[in-house]
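Remarks on the overall topology
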Amino acid sequence: DFRNVSFSDKVQAVAKSLGMKEPAIVQGMYIFKQPSVGGVVTPHQDATFLYNSPESLVGFWFPIDNATLENGCLWYVPGSHSNPVTRRFVRTQEGAKKLLEFRGADPIFEDDQWISVPVNKGDLVLIHGRVFHKSERNMSALPRHAYTFHTIEMKDCQYSKENWLQPPEGKQLPRLYDFVK
């Protein structure tokens, strides 16, 4: 069950080691990258989609299968966590033609700036919210599935009301340390 992974003692220990005082889980998703058809994930910063101030977004990425060059492992631009967030995916004003839109633009990185990060199933990859990352198409005969979720620090931070994803009205984002087993 994904809740048991997301709120596990091990995940809480990692969050504490990162200095998170009141982390909340913003979203979780299971990534299906099927053999021969699993598509490209274009370069992006996670903070484009889940912005908070001051920025504290951290992605927890767990490969369910070995992630290799052939099946679409993650790629990063070293040092890109120092880049500001220049593109945001936000809710539009009420009555607008589109409900959501991108604002701003991402920088373009040359191919030689990217490094691949093959990892084994069961590993944990932590992704800083400003790190530019991507994955290529799954060209193998094997799947490359992953489970990921994103946390933000809530202590002295504000989750943007412009973000596309919001908690239900009258509710708050689930706090990592408050989960009762």
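These numbers come from a predicted model, not from an experiment. Each chain carries its own residue numbering, running from 1 in the direction its sequence is written. Selection of residues for local features in this predicted model requires a pLDDT of at least 70, selection of side-chain atom pairs for listing and counting requires 80 or more, and totals for whole chains, interfaces and linings are taken over all residues. Side-chain calculation: all heavy atoms of the structure are included, whereas hydrogens and water are not.

**A closer look at the overall build of the protein chain**
Selection criterion: Each helix is a run of DSSP H or I of at least 4 residues and each strand a run of E of at least 2, with the numbering of both proceeding from the N terminus. In this description the radius of gyration comes from C-alpha coordinates, and the expected globular size is given by 2.2 Å times residues to the power 0.38. Any residue under 20% of the maximum accessible area for its type is buried, any over 50% is exposed, and the rest in between are partly exposed; the area is computed with a 1.4 Å probe on protein chains only.
For the protein chain, the count of helices and strands is two helices and twelve strands. Sequence-ordered secondary structure for the protein chain, helices as α and strands as β, is α-α-β-β-β-β-β-β-β-β-β-β-β-β. In summary, the protein chain has a C-alpha radius of gyration of 17 Å against a globular reference of 16 Å for 181 residues, a match within 12%. Along the first, second and third principal axes, the C-alpha atoms of the protein chain reach 45 × 45 × 30 Å. Burial analysis of the protein chain (181 residues in total) assigns 42% to the buried set.

**Some remarks on helix H2 (residues 9–17)**
To be explicit about the condition: When we speak of the arc, we mean the arc of directions from the helix axis to the C-beta atoms. The criterion used for residue contact is that any of the two residues' heavy atoms lie within 4.5 Å.
Among all positions of H2, only Val 11, Gln 12 and Ala 15 are buried. Mapping the buried residues of H2 onto a view down its axis gives an arc of 100 degrees, with all of them on the same face. Among the exposed residues of H2, those pointing more than 90 degrees away from its buried face are Asp 9, Lys 10, Lys 16 and Ser 17. Buried residues along H2 sit against helix H1 (2–6), strand S1 (23–31), strand S4 (58–63) and strand S11 (146–153).

**Side note on the side chain of Lys 134**
The condition is simple: Think of a polar contact as two N or O atoms within 3.5 Å of one another; within protein, one of them needs to be a possible hydrogen donor and the other a possible acceptor, and neighboring residues in sequence only count if both atoms come from side chains.
Of note, Lys 134 is situated in strand S10 (residues 133–135). Lys 134 gets classed as buried once you look at its relative accessible area, which sits at 12%. Of note is the side chain of Lys 134, whose polar atom sits 3.1 Å from the side chain of Glu 136. With near-sequence residues (within four places) excluded, Lys 134 lies in contact with Val 41, Thr 42, Pro 43, Cys 73, Leu 74, Trp 75 and Trp 114.

**Considerations on the sheet that holds S1**
Note the cut-off: In this analysis, strands are considered paired if DSSP registers two or more bridges between them. Helix axes use the C-alpha atoms of the stretch in contact, all axes being lines fitted to C-alpha atoms, and the angles between their N-to-C directions lie in the range 0 to 180 degrees.
Within the open sheet, the four strands sit side by side as S1-S11-S4-S9. Their pairing is antiparallel. Every other strand in the sheet has two partners, leaving S1 and strand S9 (125–128) as the edge strands with one partner each. Taken pair by pair, the neighbouring strands of this sheet meet at an average axis angle of 20 degrees, ignoring direction. For S1 and S11, the ladder comprises eight bridges, and the chain directions are antiparallel. Directly across from Pro 23, in S11, lies its bridge partner Glu 153. Strands S1, S4, S9 and S11 of the sheet are contacted by H2, whose axis makes an angle of about 140 degrees with S4.

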